[in-house]
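Coordinates in review
Letter by letter, the chains look like this.
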Amino acid sequence: MLLCSSLLRAPEVHLGLAYAEEIDMWSLGVSVAELAMGTTPYPGHHPYDMVKFIVDTQGLPPDRLLWLGPHTNHCFERQRINGQDTWTLKTPAVIQMETGHKFCDSRKVVLTCLEDIMELMDTNTTEKEGRQFVDLLNCMMCLDTEQRIRPAAVLEHPFLVEDSRQTDEPLVWAKETLDQTEDVTPIVQEEEEEPAAIQPEAQAETRTTWRRHLTQAVRRMFCLC
């Protein structure tokens, strides 16, 4: 059964674990990260490639999940380190020898951690906004399913709460069709006014617009707009 696009698949699905609504939170986090980056963070189509991208950026899933996962040995192997049995990610060479699959690094941007996304965000984004956004991502894309943030908590996160306090101006969503694919793009409804060249105010408006677009996208994904 196909749960979702491989680009959005949560780690516990790759491990073959029982899953619940937490996989949707992971998928939403990946989608939101793509909105900020302009490219998907984990673009692999083979399970090993996807798992390797996740581990390269976020580290290994918790040991308890690896021990429980029926498919853990597809991508991980047990090793005895410092007298303790632990899991490590199989190398691309081992995977190719075992399965014939040749690892393909299709990432346009290689993240060493989710915090790296701050360097890719809009230049008008403040450091505080960037840190709040990455904190939200870390909560949504937590490798531990028990610690992954819940929907109600997302809507109470400072990144979203502060935006709702700053403005209540409505957004209009325009639908465009490109290459037979429907793309929903949020735009701010603004009144026509005479051109003004006040740089600080222009930067502030751009920053607010970017944040509102992302915030409204999150809310719309929750169907709570």
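That block above? That's the structure.
Okay, so let's go over this structure. (Residues numbered from 1 in each chain as written. Predicted model: local features only at pLDDT ≥ 70, side-chain atom pairs only at ≥ 80, totals over all residues. Heavy atoms only, no water.)

Moving on, we get to helix 3 (residues 47-58). In a regular helix each residue adds 1.5 Å, so twelve residues correspond to 16 Å; helix 3 covers 16 Å between its end C-alpha atoms and thus fits that length. With nine of twelve residues buried, helix 3 is to be regarded as a mostly interior element. Looking only at helix 3, the buried set comprises Y48, D49, M50, V51, K52, F53, I54, V55 and T57. Among the structural elements, helix 1 (11-14), helix 2 (22-37), helix 5 (72-75), strand 1 (76-81), strand 2 (84-89) and helix 6 (92-99) are those in contact with the buried residues of helix 3. Downstream of helix 3 by one or two residues, G59 has phi in the positive range, about 90°. (Helix = DSSP H or I, 4+ residues; strand = E, 2+ residues; numbered from the N terminus. Expected span 1.5 Å × (residues − 1). Buried < 20%, exposed > 50% of the residue type's maximum accessible area, 1.4 Å probe, protein only. Contact = heavy atoms within 4.5 Å.)

Looking now at the pairing of strand 2. Along a regular strand, successive side chains alternate from one face of the sheet to the other. For strand 1 and strand 2, the ladder comprises six bridges, and the chain directions are antiparallel. When the sheet's bridge partners are listed, R78 is paired in strand 2 with W87. In textbook terms, the turn of a hairpin is the stretch between consecutive antiparallel strands, and for strand 1 and strand 2 this stretch comprises two residues, one of which, N82, has a positive phi near 55°. (Pairing = 2+ DSSP bridges.)

Attention shifts here to the nonpolar core. W26, Y42, I117, F133, L137 and M140 are the most contacted members of the largest nonpolar core, which totals 30 residues. Of all the secondary structure elements, the ones that give two or more residues to this core are helix 2, helix 3, helix 7 (127-140) and helix 9 (158-166). Per-element accounting of this core gives the leading share, nine residues, to helix 2. In this structure, Y42 is in contact with L7, W26, M50, F53, I54, T57, Q58, L114 and M141, ignoring residues within four places of it in sequence. Judged by nonpolar contacts, the second largest core, of twelve residues, contains L17, L65, F76 and L89. (Core = buried A, V, L, I, M, F, W, Y, C linked by side-chain atoms within 4.5 Å.)

Note that every value here comes from positions in space, so none of it alone points to a role or purpose.
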